[in-house]
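Spelled out, the chains give:
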Amino acid sequence: MNDEIAARITATGTRPALAELTTELLGKKSDLSARKARLGTLSPEERKEEGRRLNEEREAIEAALAARRAELEAAERNARYDAERLDLTEVVPHLRRGHLHLVTQTLEELEDIFIGMGFTVAEGPVVETDWYNFGALNFPVGHPARNMYDTLYVDLGEPESTVLRTHTSPVQIRVMEDREPPIYSIMPGLVHRRDTTDASHLPNFHQIEGLVVDRGITFGDLAGTLDAFTHAYFGGDIASRLRPSYFPFTEPSAEFDVTCVFCKGAGCRTCGKTGWLELGGCGMVHPNVLTNVGIDPEEWSGFAFGFGPERMALMKHGINDIRELITNDIRFLEQF
Ligand code: PHE
């Protein structure tokens, strides 16, 4: 194969052109075929010699064509892959991403803080029996403390035997029934009350309950836990305090306040000039409650607390109307 043929093969840029060149170089009208046809006119020695040359040349040309064909096929394949590639890294500039609702974010943040303090997370049903919502928590039928809760009843079983839970405290009972002490748990969830919506009340809202049952637990452990939590959630300049209160399932009971986040304790309209905002209730678990779940109050003691994540979100972000959380105005939600 001479240099000119080799150069033409390498210079061929497409497969159809290469097919044409193949016909030209090896086909019936090719130089090789003409020379082959002339073999018969040669002497036996010359014929042998020329025949060998023809074979060599044909093989060389075939090999060069095959190599070029392989190159062209590979190039075509790569071009096709390039054309078919999907760029998955593309960023669409105006894509609007959603995110979790402020209340969900708050619940997750509260859970994270308590998990960091060694608590586990438990859940219970929203539709509860009177026993779990009230009875086991030391509210006998007809007890006046039941009036603290504007209860919604479900039309199931005996009249007023099934309720939409009015607080997360029934989950305390379920956790104590399910597990042996020591218990360090929090119980977030939805609660319902027959209440009229206004700037500071919703009929459907969340609570997060905390329960500790162990040996030698004191009121000091409760106060210290709530204080550590307050600093973790609100920051170092917000303090906590406890005020005497009453709940049938805790004794003694307290109301849990934090420094007003709006005036930092100076006194303003939001905190009624007191410098404090009420966050929730708490107390030492009543011995009757421990007895109701089969835990010996002589051996074990504990504390419980409960407060409202919606209210905490309002306080942390300086929002003055709780209804903002449920109106689904995207301009409000986008800010968090
Ligand atoms: N469950 C009470 C309420 O909703 C709050 C509370 C929880 C009080 C735990 C004491 C202990 O009002």
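Remember, predicted model here, so these are calculated numbers, not experimental data.

Let us now look at the overall build of the protein chain. Looking only at helices and strands, the protein chain features 11 helices and 10 strands. Here the protein chain has a C-alpha radius of gyration of 42 Å; the compact-globule value for 336 residues is 20 Å, and the former is much larger. C-alpha extents for the protein chain along the principal axes are approximately 130 × 45 × 40 Å. In the protein chain, buried positions account for 41% of the 336 residues. For the protein chain, the share of sequence-separated contacts (at least 6 apart) that also reach a separation of at least 24 residues comes to 64%.

A word on unusual backbone geometry. The omega torsion of the bond from proline 181 to proline 182 falls at 5°, within 30 degrees of zero and hence cis. Inspection of the secondary structure puts proline 182 in the loop between helix H7 (169–178) and strand S5 (183–192). Look at the link from glutamate 251 to proline 252: it is a cis peptide, with omega at -5°. Examined against the element boundaries, proline 252 turns out to sit in strand S8 (residues 250–259). Phi angles above zero are rare outside glycine, and lysine 273 is one such case at about 65°. When you line up the elements, lysine 273 lands in the loop between S8 and strand S9 (276–285). A relative accessible area of 65% means that lysine 273 is categorised as exposed.

Moving on, we get to the site of the ligand. Taken together, 15 residues sit near the ligand, with Tyr149, His167, Ser169, Arg193 and Gln207 positioned nearest. Tyrosine 149 is positioned such that a nitrogen or oxygen atom in its side chain is 3.2 Å from an oxygen atom of the ligand. Contact distances for the ligand include 2.9 Å between a nitrogen atom and a side-chain N or O atom of serine 169. Surface burial for the ligand is 93%, taken as the share of its 320 Å² of free accessible area covered by protein chains. Judged by the fraction of its atoms near the pocket grid, the ligand is located in the largest pocket. Put simply, the parts of the chain that give the shell around the ligand at least two residues each are H7, strand S6 (204–214), S9 and strand S10 (301–307). Residue contributions to the shell around the ligand peak at 3 residues, all from S10. When the residues that make up the shell around the ligand are grouped by side-chain class, the tally is 6 nonpolar, 7 polar and 2 charged.

Applying the stated criterion across every chain yields a total of 16 aromatic pairs. When the ring of phenylalanine 114 is compared with that of phenylalanine 119, the centres are 5.4 Å apart and the planes differ by 70°; the resulting orientation is edge-to-face. No difference in accessibility class separates phenylalanine 114 from phenylalanine 119, as the two residues are buried. When the centroid spacing of 5.7 Å and the interplanar angle of 70° are considered together, the rings of phenylalanine 139 and tyrosine 149 count as edge-to-face. Of the two residues, phenylalanine 139 sits in the loop between helix H6 (130–133) and strand S3 (152–153) while tyrosine 149 sits in the loop between H6 and S3, which places them 10 residues apart along the sequence. Across the pair, tyrosine 149 and phenylalanine 139 agree in class, each one buried. An aromatic cluster of at least three residues, connected via ring pairs, comprises Phe114, Phe119, Tyr184, Phe229, Tyr233, Phe234, Phe256, Phe303, Phe305 and Phe307. In this structure, arginine 174 is placed above the aromatic ring of tyrosine 132, and the distance from its NZ or CZ to the ring centre is 3.8 Å. The ring of tyrosine 233 carries lysine 316 above its face, with NZ or CZ at 4.0 Å from the centroid.

Take the sheet that holds S9 next. One open sheet holds the 7 strands; their spatial order is S1-S5-S6-S10-S9-S8-S7, and the pairing between them is mixed. Because the sheet does not close on itself, it has two edges, and the strands there are strand S1 (120–121) and strand S7 (240–247). Pairing of S6 with S10 involves 7 bridges; the strand directions are antiparallel. Across the sheet, the residue bridging to valine 212 is phenylalanine 303, located in S10. Sheet strands touched by helix H8 (residues 219–234): S7, S8, S9 and S10. Its angle to S10, the strand with the most contacts, is close to 35°. Across the sheet, helix H10 (residues 309–317) is in contact with S6, S8, S9 and S10; its angle to S6 comes to roughly 105°.

Here we take up the nonpolar core. Ranked by internal contacts, the top residues of the largest apolar core, which has 31 residues, are Phe229, Phe234, Leu279, Phe305, Phe307 and Met312. Of all elements in the fold, only helix H5 (102–116), S6, H8, S8, S9, S10 and H10 reach the threshold of two or more residues within this core. Ranked by residue count, the leading element in this core is H8, at 5 residues. Look past the residues within four positions of phenylalanine 305 in its chain and what remains in contact with it is Phe114, Ile208, Glu209, Gly210, Leu222, Leu226, Gly281 and Cys282. In this structure, Phe134, Val175, Val293 and Ala304 belong to the second largest nonpolar core, which totals 25 residues.

The next thing to look at is the sheet that holds strand S4 (residues 162–164). On the basis of which strands lie adjacent, the open sheet formed by 3 strands has the order S2-S4-S3 and antiparallel pairing. At either end of the open sheet lies a strand with only one pairing partner, and these are strand S2 (127–129) and S3. By the bridge criterion, 2 bridges tie S3 to S4 in an arrangement that is antiparallel. Paired with tyrosine 153 across the strands is valine 163, a residue of S4.

Rules behind the numbers
Residue indices follow the written sequence of each chain, beginning from 1 at its first position. With the structure being a predicted model, the display of local features is reserved for residues of pLDDT at least 70 and the display and counting of side-chain atom pairs for 80 or more, all residues being used for whole-chain, interface and lining totals. Derived side-chain values reflect all non-hydrogen atoms in the structure, with water molecules and hydrogen atoms excluded from consideration. Strands are runs of DSSP state E lasting at least 2 residues, helices are runs of H or I lasting at least 4, and numbering of each runs from the N terminus. C-alpha atoms define the radius of gyration, and 2.2 Å times the number of residues to the power 0.38 defines the globule rule. Between buried and exposed lies partly exposed: a residue is buried under 20% and exposed over 50% of the maximum accessible area for its type, with that area taken using a 1.4 Å probe on protein chains only. Any two residues having at least one pair of non-hydrogen atoms within 4.5 Å are treated as being in contact. One heavy atom within 4 Å of a molecule or strand is enough for the residue carrying it to be called near that molecule or strand. Each polar contact in these results corresponds to two N or O atoms within 3.5 Å; when the atoms are within protein, one needs to be able to donate a hydrogen and the other to accept it, and residues that are neighboring in sequence are counted only if both atoms are side-chain atoms. Each accessible area is a Shrake-Rupley result for a 1.4 Å probe, and residues are judged covered by the shown protein chains and nothing else. A 1.4 Å probe that fits into a set of points on a 1 Å grid over the protein atoms alone but cannot get out defines a cavity; an open set with protein on both sides within 12 Å along at least five of seven lines defines a pocket, and lining residues are those with an atom within 4 Å of a point. Those molecules having more than half of their atoms within 2 Å of a cavity or pocket grid point set are described as sitting in that cavity or pocket. Nonpolar residues are Ala, Val, Leu, Ile, Met, Phe, Trp, Tyr, Cys and Pro. Charged residues are Asp, Glu, Lys and Arg, and all others, Gly as well, are polar. Only rings of Phe, Tyr and Trp enter the pairing, Trp through its six-membered ring, and a pair is recorded when the two centres are within 6.5 Å. The plane angle decides the type: under 30 degrees is stacked, over 60 is edge-to-face, the rest tilted. Either the NZ atom of lysine or the CZ atom of arginine qualifies as a charge over a ring when it sits within 6 Å of the ring centre and within 35 degrees of the ring normal. We call two strands paired when DSSP finds no fewer than two bridges between them. The axes are straight lines fitted to the C-alpha atoms, using for helices just the contacting stretch, and the angles between their N-to-C directions are given from 0 to 180°. What is meant by a nonpolar core is a set of buried Ala, Val, Leu, Ile, Met, Phe, Trp, Tyr and Cys residues, joined one to another through side-chain atoms within 4.5 Å.

Interpretation in functional terms is not warranted from these geometric data alone.
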